[in-house]
Amino acid sequence: EALPFAGGQIIDGFRVVYASVVYQALEGPPSVGPDEPPLVVAVEDFGDPCAADPTATHFPRLPNAIAEGNEIAQLLGVRPLLGGEAITTNVLRHQRPSILHIASHGFYCDRQLHVPVEARQGYAVFESVSPGSILPDVGIALHGINEALVAANKDPSTADLGEQVLSFEAIRSWDLSGTRLVVLSSCESGLGEIRHGDGNRALSRAFAAAGARSTVV
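Summary of the structure given here. Worth saying up front: this structure is predicted, and the values here are computed from it rather than measured.

Analysis parameters
Residues numbered from 1 in each chain as written. Predicted model: local features only at pLDDT ≥ 70, side-chain atom pairs only at ≥ 80, totals over all residues. Heavy atoms only, no water. Pairing = 2+ DSSP bridges. Helix = DSSP H or I, 4+ residues; strand = E, 2+ residues; numbered from the N terminus. Contact = heavy atoms within 4.5 Å. Axes fitted to C-alpha atoms, helices over the stretch in contact; angles between N-to-C directions. Buried < 20%, exposed > 50% of the residue type's maximum accessible area, 1.4 Å probe, protein only. Phe/Tyr/Trp six-rings, centres within 6.5 Å; stacked < 30°, edge-to-face > 60°.

1. Some points on the sheet that holds strand S3 (residues 39-42)
Alright, step 1. With parallel pairing, the five strands of this open sheet are ordered in space as S4-S3-S5-S9-S12. The open sheet has two free edges, formed respectively by strand S4 (81-82) and strand S12 (215-216), since each of these has just one partner strand.
Alright, step 2. In this sheet, S12 lies alongside strand S9 (residues 181-185) in parallel orientation, the contact comprising two bridges. Bridge pairing in S12 links Val182 to Thr215.
Alright, step 3. Relative to S3, helix H2 (residues 65-76) is tilted by about 170°, and along the sheet it contacts S3, S4, strand S5 (99-103) and S9.

2. Thoughts on the environment of Val182
Alright, step 1. As for its position among the elements, Val182 is in strand S9.
Alright, step 2. Residue classification places Val182 among the buried residues on the basis of a relative accessible area of 0%.
Alright, step 3. Between the alpha carbons of Val182 and Pro97 there is a distance of 9.4 Å; along the sequence they are 85 residues apart.
Alright, step 4. When sequence neighbours within four positions are dropped, the list of residues in contact with Val182 reads Leu100, Phe207, Ala212, Ser214, Thr215 and Val216.

3. A closer look at the sheet that holds strand S7 (residues 138-141)
Alright, step 1. With respect to topology, three strands assemble into an open sheet ordered S6-S7-S8, the strand pairing being antiparallel. The sheet is open, and its two borders are formed by strand S6 (106-108) and strand S8 (165-167), each paired with just one other strand. Across this sheet, the average inter-strand angle for adjacent strands is 30°, counted without regard to direction.

4. Description of unusual backbone geometry
It is generally the case that most residues other than glycine have a negative phi and that most peptide bonds are trans.
Alright, step 1. Positioned with a positive phi, Asn64 is a non-glycine residue whose angle comes to about 70°.
Alright, step 2. Looking at where Asn64 falls in the secondary structure, it is placed in the loop between S3 and H2.
Alright, step 3. Non-glycine residue Arg96 carries a positive phi angle of around 55°.
Alright, step 4. Tracing the backbone through its elements, the reader meets Arg96 in the loop between helix H3 (88-92) and S5.

5. Brief notes about the packing of aromatic side chains
Alright, step 1. Scanning the model with the defined rule gives two aromatic pairs in all.
Alright, step 2. With a centroid separation of 6.3 Å and an interplanar angle of 35°, the aromatic rings of Phe46 and Phe59 are classed as tilted. Here the residue Phe46 occupies a position in the loop between S3 and H2, and Phe59 occupies one in the loop between S3 and H2, the gap between them amounting to 13 residues. Taken as a pair, Phe46 and Phe59 share a single burial class, namely buried.

6. Some points on helix H6 (residues 203-210)
Alright, step 1. Buried residues of H6: Leu203, Ala206, Phe207, Ala208 and Ala210, and no others.
Alright, step 2. Just beyond H6, the residue with positive phi is Gly211, at close to 115°.

Read these as spatial facts, not as claims about activity.
Right under this line is the structure:
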């Protein structure tokens, strides 16, 4: 909006609207055919953290997430992905769900700031995340992530969170072109990195890029 135009700037004479994906600038989303069934994902237990280092990055238990997933799934008439079934491969196998509900930990890792550790139940708060950390900057934690983080700390050369995290990149590449609503029942799901001239690199942007019409964070 700051571009020079007619002796001033574009914003002086025009209303500027930003669209994170192309279809948002059109009449509506592309035609994708009939709706696919809704998808409900819920994770309550993320595995055992490193007992020898209680300050190490880990995701605490999320009480009642499984009960929430079962209740939402019952309302929608579908079978949910719960606990050990909630891994990346199983989640991404469901293309274009009409509604997507995820009850889990969302996270944002600020690699510039050192965030004090807080022992708050239901929150994933990290003391610091180094530039070489295995955790992506933004994502959703899935089953088994704590054990994967412990293994990564012991042997970084074999580190792999591919099945334990829904990363920004994985979500952006997901086909959600028929998804009318995404609900992220998770803390920190609205946080992201503010990039100059490029907006907020957050989960909501990844879901919009994947084609989802609306995302509640």
